[in-house]
Amino acid sequence: MKKFFHYTLLIALCSLLFFGCGTDKKNDENLKIVTSFYPMYLDTINITRGVKGVEVVNLTPPQTGCLHDYQLTPEDMKTLETADIFVVNGLGMENFLDKVIETHPNLKIINASDSPEIVPIMEDGVPNPHVWMSLTYSIQQVKNISSKLCELDPERAENYKRYTLDYVDELTTLRDEMHLSLTLLPNKDIVTFHEAFPYFAAEFGLNIVATIEREPGTEPTPQELAETIEKINSLPVKVIFTEPQYSPKAAETIARETGAKIFELDPIVTGEAKPENLLDYVNRMLNNLMTLIKALQ
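Residues numbered from 1 in each chain as written. Predicted model: local features only at pLDDT ≥ 70, side-chain atom pairs only at ≥ 80, totals over all residues. Heavy atoms only, no water.

### Points about helix 5 (residues 135-152)
Helix length check: helix 5 (18 residues) gives 26 Å between terminal C-alpha atoms against 26 Å at 1.5 Å per residue, within 8%. Along helix 5, the residues classified as buried are Leu 135, Tyr 137, Ser 138, Ile 139, Gln 140, Gln 141, Val 142, Asn 144, Ile 145, Ser 146, Leu 149 and Cys 150. Capping of helix 5 at its N-terminal end is provided by Ser 134; its side-chain oxygen lies 3.3 Å from the backbone amide nitrogen of Thr 136. (Helix = DSSP H or I, 4+ residues; strand = E, 2+ residues; numbered from the N terminus. Expected span 1.5 Å × (residues − 1). Buried < 20%, exposed > 50% of the residue type's maximum accessible area, 1.4 Å probe, protein only. Polar contact = N/O pair within 3.5 Å; in protein donor to acceptor, adjacent residues only side chain to side chain.)

Structure (structure tokens):
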């Protein structure tokens, strides 16, 4: 009986050692990936779609938009506390990244823009981070994320590779279709709302004549307004492209002065982080294509 008591006690102690952390203890077989914002979420769910034991969570709220001035919340910090991998765009988009690295030194970070194939467009000595708006660079970001995931989670690597090939094929078809359609446009001059479209323009041979707001929410100065109006008045086709995420107030003011028509181009920075949105990037890029054809014919 005494021997049995010691044996039972030993089992109890072992149980405490293994399960003493309660529900906070993560299952080592599961992988939690957190993405910084919507474009990174779309890339990652396409790479990991249906892979058993992999959870993908987007950090920022659906309406956040670009992360230029985003501040981490206590809830964000809790989300990162339970993450295994954090997927970011890089190039300064996540201005809070240094804080994340400092507070979560063991968190594995995948920088989707960290490869020699992606050459940043520099503006006043600072890289423009909106690389996902180039189809070529978006494809490279998908490949970069997939490659790092395969390194960090080799047991699921074959699944990641298979789904990556499927999504890259989808994006390549989209890129070829957009190139073919936009090459035929007679007008290539565009006026955009903010600095989200230089990579898009470079990809498809468009010429950004003017940008209304350097940063969303920063009203143009009277001088900038006058210069933009002058540039638009010189164009054969007067159109302004706003973005669905931001107020079109400044664009409407310019449109009244110039007679320009207003259209929407979507930088695809907001959206519901749901698995059923796998092809949201593709669909919204096709909408951008249709908008450009309508505006610039």
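### Comments concerning the nonpolar core
In this structure, Phe 86, Met 178, Phe 200, Tyr 281, Met 285 and Leu 292 are the most contacted members of the largest nonpolar core, which totals 71 residues. Of all the elements, helix 6 (residues 157-183) adds the most residues to this core, at 9 residues. Residues Ile 212, Ile 229, Ala 250 and Ile 254 belong to the second largest nonpolar core, which totals 12 residues. (Core = buried A, V, L, I, M, F, W, Y, C linked by side-chain atoms within 4.5 Å.)

### Focus on empty space enclosed by the protein
Empty space left among the atoms is revealed by rolling a probe the size of a water molecule over them. Applying the stated criterion across every chain yields a total of 1 cavity of 30 Å³ or more. Within this model, the largest cavity holds a volume of roughly 30 Å³. Classifying every residue of the lining of the largest cavity by side-chain character gives 5 nonpolar, 5 polar and no charged. (1 Å grid on protein atoms, 1.4 Å probe; cavity = no way out; pocket = protein on both sides within 12 Å on 5 of 7 lines; lining within 4 Å. Points joined across faces, edges and corners; volume = space filled by probe spheres on them. Nonpolar A, V, L, I, M, F, W, Y, C, P; charged D, E, K, R; others polar.)

### Comments concerning the environment of Tyr 38
You can see Tyr 38 is positioned in helix 2 (residues 38-48). Overall, the relative accessible area of 2% leaves Tyr 38 in the buried class. Beyond its immediate stretch of four places on either side in the chain, Tyr 38 contacts Asn 58, Ile 268, Val 269, Thr 270, Gly 271, Glu 272, Ala 273, Asn 277, Asp 280 and Arg 284. A distance of 3.4 Å separates polar atoms of two side chains, one belonging to Tyr 38 and the other to Asn 277. (Contact = heavy atoms within 4.5 Å.)

### Describing the sheet that holds strand 2 (residues 54-58)
What the 4 strands build is an open sheet, ordered 2-1-3-4; its pairing is parallel. Of all strands in the sheet, those with a lone pairing partner are strand 2 and strand 4 (108-111), marking the two edges. The average undirected angle you get between the axes of adjacent strands in this sheet is 25°. Summarising the sheet, strand 1 (residues 31-35) and strand 3 (residues 85-88) pair through 3 bridges and their orientation is parallel. For Val 34, the partnering residue across the bridge sits in strand 3 and is Phe 86. (Pairing = 2+ DSSP bridges. Axes fitted to C-alpha atoms, helices over the stretch in contact; angles between N-to-C directions.)

### Some thoughts on the packing of aromatic side chains
Counted by the stated rule, this structure contains 8 aromatic pairs. Arranged with centres 5.3 Å apart and planes meeting at 80°, the rings of Phe 37 and Trp 132 form a pair that is edge-to-face. Of this pair, Phe 37 sits in the loop between strand 1 and helix 2 while Trp 132 sits in the loop between strand 6 (126-127) and helix 5, and the two are 95 residues apart along the sequence. When its relative accessible area of 0% is taken as the criterion, Phe 37 is described as buried. Summarising the aromatic geometry, the rings of Phe 193 and Tyr 246 are spaced 5.9 Å apart at their centres and angled 15° between planes, so their arrangement reads as stacked. (Phe/Tyr/Trp six-rings, centres within 6.5 Å; stacked < 30°, edge-to-face > 60°.)

### A closer look at helix 6
For helix 6, with 27 residues, the first-to-last C-alpha span of 38 Å sits near the 39 Å given by 1.5 Å per residue. When helix 6 is considered as a whole, its buried residues turn out to be Ala 157, Tyr 160, Tyr 163, Thr 164, Tyr 167, Val 168, Leu 171, Leu 174, Met 178 and Leu 182. Looking at the packing, one finds that the buried side of helix 6 touches strand 1, helix 2, strand 2, helix 5, helix 7 (198-204) and helix 10 (280-296).

### Brief notes about the packing of helix 5 against helix 6
Look at helix 5 against helix 6: their axes get within 9 Å of each other, and the N-to-C directions meet at 180°. The orientation of helix 5 relative to helix 6 falls into the category roughly antiparallel. Counting all contacts with helix 5, which are made through Leu 135, Thr 136, Ser 138, Ile 139, Val 142, Lys 143, Ser 146, Leu 149 and Cys 150, the residues of helix 6 involved are Ala 157, Tyr 160, Lys 161, Thr 164, Tyr 167, Val 168, Leu 171, Thr 172, Leu 174, Arg 175 and Met 178. Residues that form the contact of helix 5 with helix 6 fall into these classes: 12 nonpolar, 5 polar and 3 charged. (Parallel < 35°, antiparallel > 145°, perpendicular 65-115°, else oblique.)

### So, the layout of surface pockets
There is about 330 Å³ of room inside the largest pocket. Along the walls of the largest pocket sit 15 residues, with Glu 123, Val 126, Pro 129, Glu 195 and Glu 215 positioned nearest its centre.

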